[in-house]
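Residue-level structure breakdown
The lines below spell out each chain.
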Amino acid sequence: MSSLNEFYELNNGVKLPKIGFGTSPLKGDEAYQAVKRALDYGYRHIDTAALYNNEDMVGKAIIDSGIPRDELFLTTKLDASIKNYDDAINAFNQSLDKLNLDYVDLYLIHAPWPWDDKEGDYRAGNIAVYKALEALYHEGKVKAIGVSNFTKSDLENILANCKVTPAVNQIRYFVGIDQEETVSFCQSNSILIEAYSPLGRGEILEHDTLINLSKRFDKTPAQICLRYLIDQHIAPLPRSKTPLRIKENLELDFSLSKDDIKTLKAIRFDPRK
């Protein structure tokens, strides 16, 4: 048994497959082949973004797969530099054209700030952009809307000034990184956490604790990392271009104990430092 037929129900009733396939930084034919292979193996949840510059190849792989559209879940994201209503609408339409699809299942604000100005105050811009997402949602162009890289205070700004509660907050979360305040706030407000970089850029996979657990469960360290997230009601988005790894990341037919999760939570590791 794999994770193929397991779903989270978002706060608006939409079902999201528990494990998705991430596509950053894949581009061109490499992106196409990886997504096509992932779909062949059984993934039904594909994650992309305008920033990744691969929406055209992701859309082509989805169309060429022949899988009925209503059996797939596709996420894309608004470029973080866009902080006004009209540009957000235009950017969405451009993404939809590149994808060559009729709708998107989940559309996210990629970050609460432009990547080159993380200290700036963009509260008003985030409200304007989120209201654009609400309009797209009410028009039926997206099935659910949400955010990415938002902290508790960023989310409070949206909840206080907008009408549709974000369905998802996609954040950097894996064994070694603890964003407990954000996770707790989201879960208490029925906002699903998705985890990008769920394998800690691969470096965490060599940690002794993970290696020991992988031997006990007869699973890979990567599979332990992914199960760790799912057992906390978090949706992981692993990415790979290696066929074996793509397939293995779906094979999560086991569960960690509360003690196992506590042990993993105690690890402190950040590959960026």
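Residues numbered from 1 in each chain as written. Predicted model: local features only at pLDDT ≥ 70, side-chain atom pairs only at ≥ 80, totals over all residues. Heavy atoms only, no water.

**Some points on the packing of helix α1 (residues 28–41) against helix α2 (residues 55–65)**
In contact at an axis separation of 8 Å, α1 and α2 are set at 40° when each is read in the N-to-C sense. In this structure, α1 meets α2 at a crossing whose hand is right-handed. Between α1 and α2, the residues in contact are Gly28, Ala31, Tyr32, Val35, Lys36 and Leu39 and Met57, Val58, Lys60, Ala61, Ile62, Asp64 and Ser65, respectively. Considering only residue class, the contact of α1 with α2 consists of 8 nonpolar, 2 polar and 3 charged. (Axes fitted to C-alpha atoms, helices over the stretch in contact; angles between N-to-C directions. Helix = DSSP H or I, 4+ residues; strand = E, 2+ residues; numbered from the N terminus. Left-handed = near helix turned anticlockwise from the far one by under 90°. Contact = heavy atoms within 4.5 Å. Nonpolar A, V, L, I, M, F, W, Y, C, P; charged D, E, K, R; others polar.)

**Brief notes about the side chain of Thr48**
With respect to the secondary-structure elements, Thr48 resides in the loop between β4 (45–47) and α2. For Thr48, a relative accessible area of 0% corresponds to the buried category. Separated by 2.5 Å, the side chains of Thr48 and Asn54 make a polar contact. Setting aside residues no more than four positions away along its own chain, Thr48 makes contact with Thr23, Asn54, Glu55, Val58, Leu74, Thr75, Thr76, Lys77 and Leu99. (Buried < 20%, exposed > 50% of the residue type's maximum accessible area, 1.4 Å probe, protein only. Polar contact = N/O pair within 3.5 Å; in protein donor to acceptor, adjacent residues only side chain to side chain.)

**Focus on the pattern of salt bridges**
If you walk through the whole model with that rule in mind, you get 17 salt bridges. Glu30 is the salt-bridge partner of Lys241, the closest N and O atoms lying 3.2 Å from each other. Taken together, the residues span a long stretch of sequence, with Lys241 in the loop between β10 (234–236) and α9 (243–248) and Glu30 in helix α1 at a distance of 211 residues. Owing to a relative accessible area of 37%, Glu30 belongs among the partly exposed residues under this scheme. (Salt bridge = Lys/Arg side-chain N within 4 Å of Asp/Glu carboxyl O.)

**Quick look at the packing of aromatic side chains**
The final tally for this structure, using the stated rule, is 4 aromatic pairs. Aromatic side chains Phe21 and Tyr43 sit 5.4 Å apart centroid to centroid with 65° between the ring planes, which places their arrangement in the edge-to-face category. With Phe21 in strand β3 (residues 21–22) and Tyr43 in the loop between α1 and β4, the pair connects residues that are 22 residues apart, well separated along the chain. With relative accessibility at 1%, the residue Tyr43 sits in the buried group. Look at Trp113 and Trp115: their rings are 5.6 Å apart centre to centre, the planes differ by 70°, and that puts the pair in the edge-to-face class. Its end group placed over the ring of Tyr103, Arg69 keeps NZ or CZ at 4.1 Å from the ring centre. (Phe/Tyr/Trp six-rings, centres within 6.5 Å; stacked < 30°, edge-to-face > 60°. Lys NZ or Arg CZ within 6 Å of the ring centre and 35° of its normal.)

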